[in-house]
Structure formats: structure tokens, C-alpha cells
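A look at the structure
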Amino acid sequence: MIRFVLQRLLSAVVVLAVVSVLVFSLLHLAPGDPAVVLAGADADPQTVATIRTQLGLDRPLVTQYGEWVGQLLTGDLGRSYTLGQPIGELIVQRLPGTIQLTIAATLLMTVFGLVTGVVLATTRSRLLRQGIEYLATLALALPPFVSGVVLIFFFAVVWQVLPSGGDASLVDTPASAIRRLILPAIALALPAVPVIAQLLATEMRRAYDQEFVLTALAKGANRRRITWRHVMPNSLGPAIIELGIRVGHLFGGAIVAEAIFARAGLGSLLVQAVQTRDYRLAQMLLLLAIAAAIAVQFVAELCIARIDPRIRLGGKS
Amino acid sequence: MSVSAQAAPATPDGSAPVPAARGRSRYLRALATPGGAVGLGLVLVIVVASLIGPYLLEYGPYRQGPDSLAAPGGDHLLGTDELGRDLLARVFAGTRLDLLITLIAVPVAAIAGSLLGLVGMVNRPVGGFFQRVFDVLLGVPAVILGIAVTIALEPGTEAVIVAIVLVTMPIFGRQARSSLLGQLPLDYVAAAEVLGYPRHRVMLRHILPNIVDVIFIRFAVEMAHAIMIEGGLSVVGLGIQAPQASLGSMIKDGSGYLLDRPAYALVPVVVVVLLVVGYTMLSNALNQAVLRK
């Protein structure tokens, strides 16, 4: 197990290192002189020169990258140009909004995905199965920017039962905050539900045919116990991998959801950073988002290795 | 199990089927099923409407009129936007731009991704290298990757195309590779090698035709995916830029007027849903036809 963990950890770190190089070089891939880009098109040469020396843009790229990473590792994330605040502070300010949203969406997609999967695998009603399949096709066709608009239209405009978005503090006004979380969380979770459900259902149907189910039946276990205690744990692997990817990618979806539902969060901060050409801030947020995605996938891999010894002993994954 | 677990990241639904006998008739049979026919119909209706529609309209997508946010009806079937531009004309233009972008980006991604996925057969280290590149790209959320592209390039049509290529290429690459691994143990590959054919010939002439079905199914799925990528980027404001219209940018602008002019955002929403549902049904039908042989 330890070997497996170290192996996966190493590969996660390598990927992160590669990504950090790519994110760092984005600014230099951009057409034109980064110092001019950062200063703005109409800045005078004096300012451009100051920015260049200030940021060390006149030094070799490798040195610059080394310094950037060195600063990151000591916890210094740098300052935002446009907002004049340390980037770390900005992230801490905006983090709660995004974290709440991703946690809410994770809960929804896990619960609904797994429950639908079990229903799909165990039901004998053809109607129910067909119905779920049609709904699944529809849900897959609803990325957050589409379902978000539809949800706002029905729940906030037509029926007026939930707010169309905005922010509220979970500490001061918890009821309002949770009401504002519902729609964006549904929008984010929706496309994942049918995928997770189908992965689980396929594995479960396969598991029902295996000998341990027959053994359990022979020993007198009832269907419910077989489903939940024997079949379900043996079938979770693919669903958990998919969940790990989906949850890791939630930050991407959160950017869209924050735009549609007018929420303040890291996603809206990133968009603002790119639009105001605050590249240091944008780079930092990109790196953070990707690191989060990699970390979640790492955790998901550990979860399956814990559940399914074939994975951790097989060595290959 | 471990196979499906491995395929799960990129292809939750498209695990590589054993190749059937070749023949175009299977595609035709797929299109003759109810799902296939409806899927194809939806996509075709939208394509044809967006091509013919503009000729039936009095106003172009950029022409500003005196009435801003006019109600649907009369001169403007869907009303006008905040600058008095005809919404129907903009829906047509936006749909065309989306179709154009996806029809450029997805084939590029499919061809490049498939070839890079197969290259490991000819040159193992190079193939391994590209698989690692794909791993990294697949680890990055699509919107994040798209935003990274808009930093390197300016936000706009080209950036959206590049973003779609970068997001979908690794998916094709993984698909091609996992299909390739499914073909390698088969007798015909061994036979071709015994005959002494060079590996690139075996790859392109023998294996590629056998996995092209799977790539084709993936293609339909990724066309839908590409529409979503454009939409996501445009909705956050980093995709298609004004004054151009795309389905995503119209949803973004229209979502501010849901109360008074719901058609502004909801019509492009419906177009996106129909397109995506159409592509999805099409790929499901193809998938079943190929699996059934």
C-alpha cells in the first residue's frame, strides 16, 4: 500500500511540476513583451522598464521560474497589480464561496449518482429504466451554463421560490446562503449524475453474476443485504474514479456557475484577473485550480486502492 | 474491471468494442434506428436552419435598430437585444459560428489525437511521451485549460478553437490507444507482422480501419463537448467577443434579461440542448450498431 501511495504521489508531483512550468510560460507565450503587456499598451517606456526590472523579466527565464517557484514554496504568492493586495489574502477572501459551492455540488453528485446507479442496477421495471436513461441523455446535454440559465428562469423568475444567485455569508445568514447555493450546486452536479450512475450500474450488474453473490444467496442473505454489502462495495471503483475526476474538475465548472449566478469566488476572481491582465494573479489561480484537481484525483485513487486490493497490488493503474 | 477503470477517465461509455466486419451499411443501419434518425434529424435541422435562415431575414446580425430589447413579434420574430439587433439573426449567426468552430476544431483534434495515440506502435518512447502529455492535459479542467489559452492568445475565435483542440485531442488520443491495445493481440496483427510489413503500415492500413468506428462514435460525442466548451468560455466572458455572436455569448448577455425578455437567453439555450442531444443520440445509435456488428 505504501509503495502504491508513494508511486501515485510521485506521479502527481511530477505532473504538478510540469503544469507549473506551463503556467509560468503562458505569459511568455503571449505575443509581445510581457512587461509591456503587464504595464498596459499605453504605458510610457519608463514604467515598462521599472516593471521589467521589478519582476526580473530581464533575467533568464530559468532564473525567473526558479524564483517564482522558490517564492511559492515559502508561501509568498506575490501581489496582485490591479487590486494592490497580496494574492494569498485575495485567495483567502474568495475561497469560502467557491469551497461551499464545490462541497455542495460534490454532495449532490455523489448522493444522486450512487442512488440512481443502484436503482438502475436493481430495478426490474423497464419503464423506470427507460425513463432514467432518457433523463440521463438530457442531463448530459445540460452543461452548467445551460442548466444554470434554465434553473434561474424557472426557480427565480417564473416560480420565484429561490434567489437567482448572489452571495450571502454562511456564518451570518446561513438560511440565505444555503438558498443561494441550491441552484448553482444543482447546475454543477447535474451532468455528472448520469455518468456516475451508469458506471455504478454497469459494474453492479456484472457483480451480480459472480460467484460470491451466489454464495451469499446460498447462505441465506436477502437481496437488500446482497446489494448493499456485497455487490455495491465491489462495484464502486469506476464510479469513484469518475467522481474524483468530476470533483477535481468542479473548479472549472465553478467558474462558469459563478459567472451565471453572479457569485463571488475564485472563479470570478480568475476571470477578472484575465480580463484586467493581472497575469500574476491569473497564473496563481490557474496553478491552484490544477493542483486542486490533481489532489482530488490522488485522493480518489487512494480511496479505490483502499476498497479494492486488486488495484494496489496490481501495481498498474 | 481494471480495463473499464482505466478507460473511465476519458471514455466512460466508449470502451473499445471488438471490431466487426467493415462496411458502411452499419452506419446506415444505425441512422435508421429511431434514436439515430432523431439525432441526425436534430443536427441537420439546426445546420440547415442556420445556413438558410439568414436569407429569409430582413436584418443582419450586426445591424442596430432603434428599438432595444423589443418584444418578440412583428418585424423581429424573437425581438431585439440591448443594442436593437435582431435576435433571430443573431441566433442564426451564433449557431453558424459554433458549428464552424466545432467543425474546424474537432476534426483537427480527432486526427491529431488518434495519430498521436497510435504512434506508440511505431515508436514506443514517442508514444509514451504523448500519453503523458495527454495525462497532464486531461488532468486540467476544460474551462481552466481554455482560460489558460486566452492568456497566451487573445480571447476570441482562435483561442476557442485552440482550447477545444487541447481539451478534446487527449480524449481521442486515449481512445485510440486503448483501442490499439485491444487490437494488438488479435491474429490479423500477428499475421501482418509475420508477413513482414513495416509497423507504420500495420498501424495505418490494418489497425486504423479497425478502430475507426470507435473514433467516429467519439467524434459525435466530442462535437457536443466542443459546443459546451465554447459555451462555457463565452459565458464567463473569455470566449467569443462582442460584436460577434455565439450561442454561449448570447446566453451570457441574455441571462441578464431573463425577467423581461426570456427568449434572449432561452432560444440559444434550446439550440445548444437540441444540438447536444442530437449528437449524443447519434453517437449512442452508432455505438449500438457497431457493438451489435
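Another aspect to go through is the overall build of chain A. Looking only at helices and strands, chain A features 16 helices and zero strands. Burial analysis of chain A (317 residues in total) assigns 40% to the buried set.

The next subject is the overall build of chain B. When helices and strands are tallied, chain B shows eleven helices and zero strands. Beginning at the N terminus, the succession of helices and strands in chain B can be written as α-α-α-α-α-α-α-α-α-α-α. Considered along the principal axes of its C-alpha atoms, chain B spans approximately 75 × 45 × 35 Å. Residues counted as buried form 52% of the 293 residues belonging to chain B. Considering only contacts within chain B whose residues lie at least 6 apart along the sequence, 70% involve residues at least 24 apart.

Attention now goes to the nonpolar core. One finds Ile196, Leu270, Leu285 and Leu286 of chain A together with Ile144 and Ile164 of chain B to be the most contacted residues of the largest nonpolar core, which totals 164 residues. It is helix H9 (residues 199–235) of chain B that contributes the most residues to this core, 18 residues altogether. Sequence-distant contacts of Ile164 of chain B, defined by excluding residues within four places in its chain, comprise Ile101, Thr102, Ala105, Val106, Ala109, Ala226 and Ile229 of chain B.

At the junction of the two partners, chain A supplies 49 residues and chain B supplies 42 residues. The leading source of residues in the side of chain A that touches chain B is helix H15 (residues 279–307) of chain A, at eight residues. Here the residues of the side of chain A that touches chain B are counted per class, giving 39 nonpolar, eight polar and two charged.

What follows concerns the domain arrangement of chain A. Taken domain by domain, chain A holds domain 1 (34–76) and domain 2 (87–307). A separation of 39 Å is found between the C-alpha centroids of domain 1 of chain A and domain 2 of chain A.

Angle between the axes and distance between the axes are the two parameters that describe a pair of packed helices. Residues and elements named next belong to chain A. Where helix H5 (residues 87–122) meets helix H8 (residues 174–189), the closest approach of the two axes is 8 Å, and the angle between their N-to-C directions is 55°. Judged by the inter-axis angle, H5 sits oblique to H8. The two elements H5 and H8 meet at a crossing, and its hand is right-handed. Packed against H5, whose contacting residues are Gln100, Leu101, Ala104, Ala105, Leu108, Met109 and Phe112, the element H8 presents Leu181, Pro184, Ala185, Ile186, Leu188 and Ala189 at the interface. Considering only residue class, the contact of H5 with H8 consists of twelve nonpolar, one polar and no charged.

Moving on, we come to the packing of helix H6 (residues 142–152) of chain B against helix H7 (residues 157–183) of chain B. Residue and element names in this part refer to chain B. For the pair H6 and H7, the least separation of the axes is 9 Å and the interaxial angle reads 140°. Taken together, the axes of H6 and H7 are oblique relative to one another. The way H6 lies across H7 gives a crossing that is right-handed. Touching Ala142, Leu145, Gly146, Val149 and Thr150 of H6 are Ala159, Val162, Ala163, Leu166 and Val167, all from H7. For the contact of H6 with H7, the per-class residue count stands at eight nonpolar, two polar and no charged.

Attention shifts here to unusual backbone geometry. Comment: phi is negative for the bulk of residues other than glycine, and the bulk of peptide bonds are trans. Cis geometry marks the peptide bond from Ala242 of chain B to Pro243 of chain B, where omega comes out at 5°. Mapped onto the fold, Pro243 of chain B is located in the loop between H9 and helix H10 (247–254). In this structure, Gln160 of chain A is a non-glycine residue whose phi angle is positive, near 50°. You can see Gln160 of chain A is positioned in the loop between helix H7 (144–158) and H8. In this model, Leu69 of chain B sits at a positive phi of 50°, which is unusual for a non-glycine residue.

With that settled, consider helix H1 (residues 2–29) of chain A. Relative to the 40 Å expected for 28 residues at 1.5 Å per residue, H1 of chain A spans 40 Å between its end C-alpha atoms, a close match to the ideal helical length. By the burial criterion, the buried members of H1 of chain A are Val15, Val19, Val23, Leu26 and Leu27 of chain A.

Turning our eyes to something else, we now look at the environment of Gly148 of chain A. Residues and elements named next belong to chain A. Note that Gly148 resides in helix H7. Judged by the 29 C-beta atoms lying within 10 Å of it, Gly148 is buried. The spatial distance from the C-alpha of Gly148 to the C-alpha of Leu29 is 34 Å, given a sequence separation of 119 residues. Residues within four places of Gly148 in sequence aside, it is in contact with Pro184, Ala187, Ala257, Ile260 and Phe261.

On to the environment of Gln130 of chain A, then. When you line up the elements, Gln130 of chain A lands in helix H6 (residues 126–140). Assessed through the 10 C-beta atoms surrounding it within 10 Å, Gln130 of chain A is described here as exposed.

All names here are of chain B. Confidence in the prediction of chain B, expressed as mean pLDDT, is 87, and 91% of residues score 70 or more. Looking across chain B, the model is least confident in helix H1 (residues 2–7), with a mean pLDDT of 35, and most confident in helix H4 (residues 87–118), with 96. In the predicted structure, residues 1–21 sits below a pLDDT of 50 and forms 43 contacts with residues beyond four places in sequence or in another chain. If you check the scores for this complex, the pTM reads 0.88 and the ipTM reads 0.86.

Rules and cut-offs
- Residues numbered from 1 in each chain as written.
- Chains lettered and ligands numbered in written order.
- Predicted model: local features only at pLDDT ≥ 70, side-chain atom pairs only at ≥ 80, totals over all residues.
- Helix = DSSP H or I, 4+ residues; strand = E, 2+ residues; numbered from the N terminus.
- Buried ≥ 20, exposed ≤ 12 C-beta atoms within 10 Å, placed from the backbone.
- Contact = placed C-beta atoms within 7 Å.
- Core = buried A, V, L, I, M, F, W, Y, C linked by C-beta atoms within 7 Å.
- Nonpolar A, V, L, I, M, F, W, Y, C, P; charged D, E, K, R; others polar.
- Domains from an automatic or database assignment.
- Axes fitted to C-alpha atoms, helices over the stretch in contact; angles between N-to-C directions.
- Parallel < 35°, antiparallel > 145°, perpendicular 65-115°, else oblique.
- Left-handed = near helix turned anticlockwise from the far one by under 90°.
- Expected span 1.5 Å × (residues − 1).
- pLDDT = per-residue confidence, 0-100.

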